[in-house]
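# An overview of the molecular structure
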Amino acid sequence: MHHKEFELAAEFERDSLYLADWPLCQLRLQNDANYPWFILIPRRVGMVEIIDLTQTEQNQLWRESAHLSVFLKAQFQAKKLNIAALGNMVPQLHLHHIVRYDSDFAWPAPVWGKVPALAYTKEALELLRQKMALLAVPT
């Protein structure tokens, strides 16, 4: 029996940058320097809702999300973490983790559609990658 391979939605290829593969998810950085914005994408085919995952996978998604969240809150001194699975535009299951500050462009509203995305410069991306290198892979 041939299993389909996990494929990233084209929008993620276009709008985000690969950071790491975790036990369940691929961790990506939204290419928008307005906000520290990370995306966890379970590497499973045909998933749209969190409830489409098995119970074991749901538990692992929660572990990976919490692991990322603890790191982001500490490393980025977040005022608030926005964690959301919307998927209205990109149905492939994914979980946004957006670090928010009361000084950011969209505060206190959601980030979607407030200001145009600002692509990372090479230097800013390198600094962010150095910070993210401190993040251990969750179990």
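Please refer to the structure placed before this passage.
Take the packing of aromatic side chains next. Enumeration over the complete set of coordinates arrives at 3 aromatic pairs. Measuring from centroid to centroid gives 5.5 Å for W37 and W112, while their planes differ by 75°, and the two rings are edge-to-face. With W37 in strand β3 (residues 37-42) and W112 in the loop between β5 (95-100) and α3 (122-132), the pair connects residues that are 75 residues apart, well separated along the chain. For W37, a relative accessible area of 5% translates into the label buried. Among the residues examined, W112 registers a relative accessible area of 40% and is labelled partly exposed.

Here we have 5 strands laid out as an open sheet, ordered β1-β2-β3-β5-β4, and antiparallel in their pairing. Each having just a single partner strand, β1 (16-21) and β4 (80-84) make up the two edges of the open sheet. Each strand axis lies, on average, 25° off the axis of its neighbour in the sheet, ignoring direction. The pairing of β4 with β5 spans 5 bridges and is classified as antiparallel. When the sheet's bridge partners are listed, L81 is paired in β5 with V99.

Moving on to unusual backbone geometry. In this structure, P108 follows W107 across a cis peptide bond, with omega equal to 0°. Looking at the element boundaries, P108 is found in the loop between β5 and α3. Although it is not a glycine, Q77 sits at a positive phi angle of roughly 45°. Inspection of the secondary structure assignment puts Q77 in the loop between α2 (55-75) and β4. For Q77, a relative accessible area of 57% translates into the label exposed.

Inspection of the entire model under this criterion finds 5 salt bridges. The residue E57 makes a salt bridge to R44 at a minimum N-O spacing of 2.6 Å. Linking E57 in helix α2 with R44 in the loop between β3 and α2, this pair joins segments that are 13 residues apart in sequence. The exposure class of R44 is partly exposed, given its relative accessible area of 30%.

What follows concerns the nonpolar core. If you look at the biggest cluster of nonpolar residues, it comprises 26 residues, and the most contacted ones within it are L27, F38, L68, L72, F76 and M132. Of the residues forming this core, the biggest block, 4 residues, is contributed by α2. Non-local contacts of L68, meaning those with residues more than four positions away in its chain, are made with W22, L27, F38, L40, H97, M132 and L135. In this structure, Y35, I39, I98 and V111 belong to the second largest nonpolar core, which totals 11 residues.

Analysis parameters
Residues numbered from 1 in each chain as written. Predicted model: local features only at pLDDT ≥ 70, side-chain atom pairs only at ≥ 80, totals over all residues. Heavy atoms only, no water. Phe/Tyr/Trp six-rings, centres within 6.5 Å; stacked < 30°, edge-to-face > 60°. Helix = DSSP H or I, 4+ residues; strand = E, 2+ residues; numbered from the N terminus. Buried < 20%, exposed > 50% of the residue type's maximum accessible area, 1.4 Å probe, protein only. Pairing = 2+ DSSP bridges. Axes fitted to C-alpha atoms, helices over the stretch in contact; angles between N-to-C directions. Salt bridge = Lys/Arg side-chain N within 4 Å of Asp/Glu carboxyl O. Core = buried A, V, L, I, M, F, W, Y, C linked by side-chain atoms within 4.5 Å. Contact = heavy atoms within 4.5 Å.

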